[in-house]
Amino acid sequence: PTELGNIRTLNSLTFGFNFLTGSIPTELQNLKALQLLYLSNNQLTGPIPPELQKLQALMGLYLDFNQLTGPIPTELGNMKLLNSLMLANNQLTGQIPSELGNLQKLDILQLENNQLTGQIPTEVQNLELLQSLTLDGNAFDSN
């Protein structure tokens, strides 16, 4: 519900495995203290809101196993404390934004089983703390 955006002191929001439908509310951008957003294993649709970049305290973004569409927002590259980005098993399209290479604290990046295309950006090599990178099940170029 959009009213969750009014709970300014919330630091963890977990709604996994709840059969949630509809889009991710942009009002979540108001949760400035949020460190964990776990919306995995639902039936969420539509794009990932670029407004999530305003969650500057966020360390874990779990949106995997939904039906999210559209590109990965370049704005996610502004989330400096993010260490886990789970976007696997959706219907995301387009290329991996090179801006994700700005996520210096990222240690897990899961993008498998989407409809991503193009080449893997060279900026991924900037992710010095990265321990897990899963990209299988997409349509990347072989070059």
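(A) Spatial organisation of unusual backbone geometry. Phi is positive for phenylalanine 17, close to 55°, though the residue is something other than glycine. Take phenylalanine 17: it is sitting in the loop between β1 (12–14) and β2 (21–22). We classify phenylalanine 17 as exposed; its relative accessible area is 57%. Unlike most non-glycine residues, asparagine 41 shows phi in positive territory, near 55°. One can find asparagine 41 in the loop between β3 (36–38) and β4 (43–46). Given a relative accessible area of 23%, asparagine 41 falls into the partly exposed group.

(B) Representation of the nonpolar core. Counting 33 residues, the largest nonpolar core has Leu37, Leu61, Leu76, Leu85 and Leu87 as the members making the most contacts within it. Here leucine 87 is in contact with Ile48, Leu63, Asp64, Ile72, Leu76, Leu92, Gln110, Leu111 and Asn114, once residues within four sequence places are set aside.

(C) Local environment of the packing of aromatic side chains. In total, this model carries 1 aromatic pair according to the counting rule given. Ring centres of tyrosine 38 and tyrosine 62 lie 5.4 Å apart, and the angle between their planes is 45°; this geometry places the pair in the tilted category. Pair noted here: tyrosine 38 is in strand β3 and tyrosine 62 is in strand β5 (residues 60–62), with a separation of 24 residues, a long-range link. With relative accessibility at 25%, the residue tyrosine 38 sits in the partly exposed group.

The rules behind each value
- Residues numbered from 1 in each chain as written.
- Predicted model: local features only at pLDDT ≥ 70, side-chain atom pairs only at ≥ 80, totals over all residues.
- Heavy atoms only, no water.
- Helix = DSSP H or I, 4+ residues; strand = E, 2+ residues; numbered from the N terminus.
- Buried < 20%, exposed > 50% of the residue type's maximum accessible area, 1.4 Å probe, protein only.
- Core = buried A, V, L, I, M, F, W, Y, C linked by side-chain atoms within 4.5 Å.
- Contact = heavy atoms within 4.5 Å.
- Phe/Tyr/Trp six-rings, centres within 6.5 Å; stacked < 30°, edge-to-face > 60°.

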